[in-house]
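# Close look at the chain arrangement
Take a look at the letters that make up each chain.
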Amino acid sequence: MAVKERDRFSTATRLRLLGEQTAARVYRSQTRRQARRSRLTGRAALLALVVCSLVVALAYPIRQYVAQRAEIADLRRQKQQAEARVEELRDLKARWQDDAYAEQQIRQRLHYVMPGETGYIVIDPDEARQSRSDQGTADRPWYANVWDGVDKSDAAHH
């Protein structure tokens, strides 16, 4: 026993035991780290799978939401334009209900005059020159003008 006792306290034996204990600790920590890594990798893969499935599941509804928001904005713009047009038409209706405005428009558009007034129309000088050049056709009988029109039309098709 004395040999074993002495062997137990020898430096070589102590160093060997210390080395074995250290090796066991390192091995245990490595296996824990590897287990933690593998667990972390599995968790990361699961998380990535969940995120991808959420993206795929939400892509269509989000696209629909964006499209509907754009459509709502377009409809609001159309509504504002329609309201502006309605307001313009109300103003026009109110103006036409005023007798003075109606009389002014009738005189201007239909060339009406009040009894005792003399009506006249100013002709644009350019139009007057053009009508004088067309006057040559007015001197001829109407059927000659029709026949010339038919000839010109027939010549255009050939």
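Residues numbered from 1 in each chain as written. Predicted model: local features only at pLDDT ≥ 70, side-chain atom pairs only at ≥ 80, totals over all residues. Heavy atoms only, no water.

Now for the overall build of the protein chain. Looking only at helices and strands, the protein chain features five helices and zero strands. Sequence-ordered secondary structure for the protein chain, helices as α and strands as β, is α-α-α-α-α. Classification of the 158 residues of the protein chain by burial places 3% in the buried group. Entry remark: accessible area of the protein chain is about 14900 Å², with carbon and sulfur atoms responsible for 58%. (Helix = DSSP H or I, 4+ residues; strand = E, 2+ residues; numbered from the N terminus. Buried < 20%, exposed > 50% of the residue type's maximum accessible area, 1.4 Å probe, protein only. Areas by Shrake-Rupley, 256 points an atom, 1.4 Å probe, with all protein chains shown as cover.)

Should the charged atoms of two oppositely charged side chains come close, the side chains can pair. Applying the stated criterion across every chain yields a total of six salt bridges. Between Lys 79 and Glu 83 there is a salt bridge, with its nearest N and O atoms 4.0 Å apart. With Lys 79 and Glu 83 both in helix α2 (residues 11-97) and four residues apart, this pair spans about one turn of that helix. According to the relative accessible area criterion, Lys 79 is exposed, its value standing at 52%. (Salt bridge = Lys/Arg side-chain N within 4 Å of Asp/Glu carboxyl O.)

In this structure, the largest pocket encloses a volume near 160 Å³. Taken together, Arg 107, Gln 108, His 111, Tyr 112, Val 113, Glu 117, Thr 118, Gly 119, Tyr 120 and Ile 121 form the lining of the largest pocket. Here the residues of the lining of the largest pocket sort into four nonpolar, four polar and two charged. (1 Å grid on protein atoms, 1.4 Å probe; cavity = no way out; pocket = protein on both sides within 12 Å on 5 of 7 lines; lining within 4 Å. Points joined across faces, edges and corners; volume = space filled by probe spheres on them. Nonpolar A, V, L, I, M, F, W, Y, C, P; charged D, E, K, R; others polar.)

Applying the stated criterion to the full structure yields two aromatic pairs. Judged by centre distance (5.9 Å) and plane angle (80°), the ring pair of Trp 142 and Tyr 143 falls under edge-to-face. For the residue pair Trp 142 and Tyr 143, the accessibility class agrees, reading exposed in each case. (Phe/Tyr/Trp six-rings, centres within 6.5 Å; stacked < 30°, edge-to-face > 60°.)

Quick look at unusual backbone geometry now. A positive phi angle, near 60°, is found at His 111, a position not held by glycine. Judged by relative accessible area, His 111 falls into the exposed class, the value being 52%.

The terminal C-alpha atoms of helix α3 (residues 99-110) lie 16 Å apart, and with twelve residues this matches the ideal 16 Å at 1.5 Å per residue to within 8%. All buried positions along α3 are accounted for by Tyr 101, Ala 102 and Gln 105. Each buried residue of α3 lies within a common arc of 95° when the element is viewed along its axis, so the set occupies one face. Facing away from the buried side of α3 by over 90 degrees, the exposed positions are Asp 99 and Ala 100. Remark: His 111 follows α3 within two positions and exhibits a positive phi of approximately 60°. (Expected span 1.5 Å × (residues − 1). Arc of directions from axis to C-beta.)

Moving on, we get to the side chain of Gln 105. Mapping Gln 105 onto the fold places it in helix α3. Look at Gln 105 and you get buried, because its relative accessible area is 8%. Other than its neighbours up to four places away in sequence, Gln 105 contacts Trp 96 and Leu 110. (Contact = heavy atoms within 4.5 Å.)

For the rest of this paragraph, the subject is the environment of Met 114. Positionally, Met 114 belongs in the loop between α3 and α4 (125-138). Discounting residues that sit within four places of it in the chain, Met 114 has contacts with Glu 103 and Arg 107.

The share of residues in the protein chain with pLDDT of 70 or more is 82%, and the mean pLDDT across the chain is 83. The least confident element of the protein chain, judged by mean pLDDT, is helix α1 (residues 2-8) at 55; the most confident is α3 at 90. (pLDDT = per-residue confidence, 0-100.)

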